[in-house]
Each structure stands twice: as structure tokens, then as C-alpha cells.
Amino acid sequence: MSIKVIQAWDAVDLELEQGSGTHSSSAATVHYIVSGATTDAEACEAAYTEAPEEYSSIPKKSVSVSERLTDDTWKIDVKYGSESSSSGGDSGSEDDEPTVSFDCSAGTKHMTQAIEQTCVYAADGQTKDSASVAAAVPIGWNGKDGSESEAAGVDVSIGELRETYTKAMSKSKVTGTSWKRKVAELVGKVNSGSFKGWSSGEVMFLGCSYSAPTKGSKKVNVSFHFAIRLNENKATVAGHSVGSKKGFEYIWALTDDEVKNGERVRKVKKIYKAEVCYTDSFGSLGI
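Residues numbered from 1 in each chain as written. Predicted model: local features only at pLDDT ≥ 70, side-chain atom pairs only at ≥ 80, totals over all residues. Heavy atoms only, no water.

**Observations concerning the nonpolar core**
Ranked by internal contacts, the top residues of the largest apolar core, which has 19 residues, are Phe-205, Phe-224, Phe-226, Phe-282 and Leu-285. Among the secondary structure elements, those contributing two or more residues to this core are strand E7 (154-170), helix H4 (177-186), strand E9 (203-209) and strand E10 (219-228). Counting residues per element, this core draws most heavily on E10, at 5 residues. Once you skip the residues sitting within four places of it in the chain, Phe-224 turns out to touch Glu-163, Thr-164, Tyr-165, Met-169, Trp-179, Phe-205, Gly-207, Cys-208, Leu-285 and Ile-287. Within the second largest apolar cluster, 16 residues are counted, among which are Tyr-32, Ala-43, Cys-44 and Trp-74. (Core = buried A, V, L, I, M, F, W, Y, C linked by side-chain atoms within 4.5 Å. Buried < 20%, exposed > 50% of the residue type's maximum accessible area, 1.4 Å probe, protein only. Helix = DSSP H or I, 4+ residues; strand = E, 2+ residues; numbered from the N terminus. Contact = heavy atoms within 4.5 Å.)

What follows is the structure, encoded as C-alpha cells:
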């Protein structure tokens, strides 16, 4: 299959330095859609070869993957800019790797259904629950059913993981409504593919922030914030193995009462795994 390279619909991000006539601080990024490639490197090479040597008198500089769209289709960024360009007092370049900060601290998760549970005592005349029956009893259940049924549950300590990536970006780009809209649409979504070493389903985008003077600055440092929950390969609920579970999926059990040997017992009828967050690619964030 031959490789096809076309310009994307949002083809160019252009920043021209006015007045100097040299374009020493000007920069441009041209977006291409590459189809029919088999690897990142092949897609990048095809786009770089297709792109002109100059754009608005700015020399071609580098190429990178913006986003993998399908198995054989990529969005590729070809960047233009002088190797000796001055930042004009602004720190950082869009070609620089972002800096990252990481935090892992204690958080809590409220649980009403145990992973495993045993009955360790029964009053006179009562029988200890079997392992399967005990596992189905909600934590802190008041023993009632219907509208009177309540389960207090318990707060369990878990690791809360956070990562923040900070990158120098074009002020004219990030202050534009189209870029802000694109970012807002990703808030609360979970990564559909691998992202910064984390597997699909483990990273939620929490938003981004920056501050910059209204005049004079050409670059701004933008911080992108993410929450991380690890995927599980062997999740267990109420003594039942439910297989794999992605970090931001939610598992819950449907229980019911039945009378056994004159005693009311709680029984797990079904266990559900719910996808409660939309997924998307984070490639358009540009980090």
C-alpha cells in the first residue's frame, strides 16, 4: 500500500515576527495526515519529505508525531524555525520536551462491598455464614431490605497519583478560542491509547493552566494536569473474580435477600463493570 500525505484541515500554526525582515524568531507548524504508513518513523519521514524546505521564508526544522489516528494513519507536525532563533526574552521553545512533576499521596475510596469477607461470629441459635454468603453481605449492612436497606461502607486508603506536564507554547495559539475549546472537550476524559508510559484507561485529563502578560510575550508556559489510576488484571468483588478492570471503570454488585434455614441472607445476583468516563486521544494537547 502506497503512503499518501495531505495537509490537515487545520493545516498551519504560524507566528511571524514583525518588523525585523529576517524571520529569525518566526515559527510555523504545518500539520499533515499520513496514511498507509506502518511505523511512526515511516510516517514522519514521508511528511518531512513532502513538506517544502521553507514556509513563508522560514526554514524547515523538525518533524514529530502529533497523533496516531488509526492503525495506518497519523497526524504529523512539520515545524519551521531558525536554529539560532532568539526567544526575545521568553523562556523555552515548543520543540523542548515538557518538564514533569509527579505526586503520589494517600487518598480514600468508599467501599460498600468487600473484596473477600468471612463471618467470624454468630449468636446463640444462629449459624455462621458460609464463605459465599458472607462475601455477599454489604459492609455495614443494617440487615433490612427494600427501601430500609442501608450499607454504611468504609473508607479505604488508596494511592492518589497526579502528574503535571509543563511546556512552552505559542501564546497566540493557546489564547485562541479554538485551542481552548479543544482542551475543554478533553477535560474529564480518559486516554484511549498509551500516554506518557501509562496504559490505555489509566490517565484522566484534569485540565490545564497558564498565566502571561497581555502584551510582549510570545511564549507561555502551560501546565497540563492528569490523574492516574492503575488498571487491574485480576479484580475481585464479593469473593468473585471479575477479570480485568481499567483504572477509571466502576464495578458494582447487585444483591438480593433470600431466606435460608429460617434466616435472611444476602446473595450476590450479578456483578457489573461500568464505563463511566469517555475516552479520547491526548495527542492534540501537543505535549
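**As for the pairing of E7**
Pairing between strand E6 (residues 99-111) and E7: 13 bridges, direction antiparallel. Across the sheet, residue Val-100 finds its bridge partner in E7, namely Tyr-165. Direction of pairing for E7 relative to E10: antiparallel, over a ladder of 10 bridges. In the sheet register, Met-169 faces E10, and the bridge partner there is Val-220. (Pairing = 2+ DSSP bridges.)

**Some thoughts on a nonpolar patch on the surface**
Together, Tyr-250, Trp-252, Leu-254, Tyr-272 and Val-276 make up a nonpolar patch on the protein surface, roughly 470 Å² of accessible area in all. In terms of residue count, strand E13 (residues 249-260) provides more of the nonpolar patch than any other element does, 3 residues in total. Within the secondary structure layout, Trp-252 lies in strand E13. The exposure class of Trp-252 is partly exposed, given its relative accessible area of 35%. (Patch = residues over 30% accessible without salt bridge, like charges linked within 9 Å, V, L, I, M, F, W, Y side chains within 5 Å. Areas by Shrake-Rupley, 256 points an atom, 1.4 Å probe, with all protein chains shown as cover. Salt bridge = Lys/Arg side-chain N within 4 Å of Asp/Glu carboxyl O.)

**Examining the side chain of Ser-281**
With respect to the helices and strands, the residue Ser-281 is situated in the segment after strand E15 (279-280). Within the structure, the side chain of Ser-281 is placed 3.2 Å from the side chain of Glu-67, a separation counted as a polar contact. A polar contact is formed between the side chain of Ser-281 and the backbone nitrogen of Gly-283, at a distance of 3.2 Å. (Polar contact = N/O pair within 3.5 Å; in protein donor to acceptor, adjacent residues only side chain to side chain.)

**Comments concerning H4**
Considered for burial, the residues of H4 that qualify are Trp-179, Val-183 and Leu-186. One side of H4 holds all its buried residues, which, seen down the axis, span an arc of 60°. Residues of H4 that are exposed and point over 90 degrees away from its buried face: Thr-177, Ser-178, Arg-181 and Ala-184. Contacts from the buried residues of H4 go to E7, helix H3 (171-174), E9, E10 and E15. Note on H4: the residue one or two positions beyond its end, Gly-188, has a positive phi of about 85°. (Arc of directions from axis to C-beta.)

**Description of the environment of Val-65**
As for its placement among the helices and strands, Val-65 is situated in strand E4 (residues 58-70). In the structure, Val-65 is positioned 21 residues away from Cys-44 in sequence and 6.8 Å away in space, judged by C-alpha atoms.

**A few points about the packing of aromatic side chains**
By the definition in use, this model includes 9 aromatic pairs. The interplanar angle of 55° and the centroid separation of 6.2 Å between the aromatic rings of Phe-205 and Phe-282 together place this pair among those described as tilted. Remark: Phe-282 occurs in the segment after E15 and Phe-205 occurs in strand E9; sequence separation between them is 77 residues. Taken as a pair, Phe-205 and Phe-282 share a single burial class, namely buried. Of the aromatic side chains, those joined through ring pairs into one cluster are Tyr-165, Phe-195, Phe-205, Phe-226 and Phe-282. For Lys-60, the ring lying beneath its charged end belongs to Tyr-48, and the centroid distance is 4.1 Å. (Phe/Tyr/Trp six-rings, centres within 6.5 Å; stacked < 30°, edge-to-face > 60°. Lys NZ or Arg CZ within 6 Å of the ring centre and 35° of its normal.)

**Re the pattern of salt bridges**
By the definition in use, this model includes 4 salt bridges. One salt bridge in this structure joins Asp-13 and Lys-173, with 4.0 Å as the shortest N-O distance. One end of the pair, Asp-13, is in strand E1 (residues 4-15); the other, Lys-173, is in helix H3, and 160 residues separate them in sequence. Lys-189 serves as the salt-bridge partner of Asp-280, at 3.5 Å between the closest nitrogen and oxygen. Here Asp-280, found in strand E15, pairs with Lys-189, found in the loop between H4 and strand E8 (190-191); they are 91 residues apart in sequence, far enough to count as distant.

**A look at the confidence of the model for the chain**
Considering every residue of the chain, the mean pLDDT works out to 84; 89% of them sit at 70 or more. Ignoring residues within four places in sequence, the model shows residues 84-89, a span with pLDDT below 50, making 4 contacts including any to other chains. (pLDDT = per-residue confidence, 0-100.)

**Re helix H1 (residues 40-50)**
All of the buried residues along H1 are Ala-43, Cys-44, Ala-46 and Ala-47. Projected onto a plane normal to the axis of H1, the buried residues spread over an arc of 165° and lie on a single side. Residues of H1 that are exposed and point over 90 degrees away from its buried face: Ala-41, Glu-45 and Thr-49.

**Digging into unusual backbone geometry**
The phi dihedral of Lys-196 is positive, around 50°, even though this residue is not glycine. Relative to the elements of secondary structure, Lys-196 occurs in the loop between E8 and E9. Here Ala-238, not a glycine, exhibits a phi torsion of approximately 55°, which is positive. Take Ala-238: it is sitting in the loop between strand E11 (232-237) and strand E12 (240-245). Exposure remark for Ala-238: the relative accessible area of 3% places this residue in the buried category.

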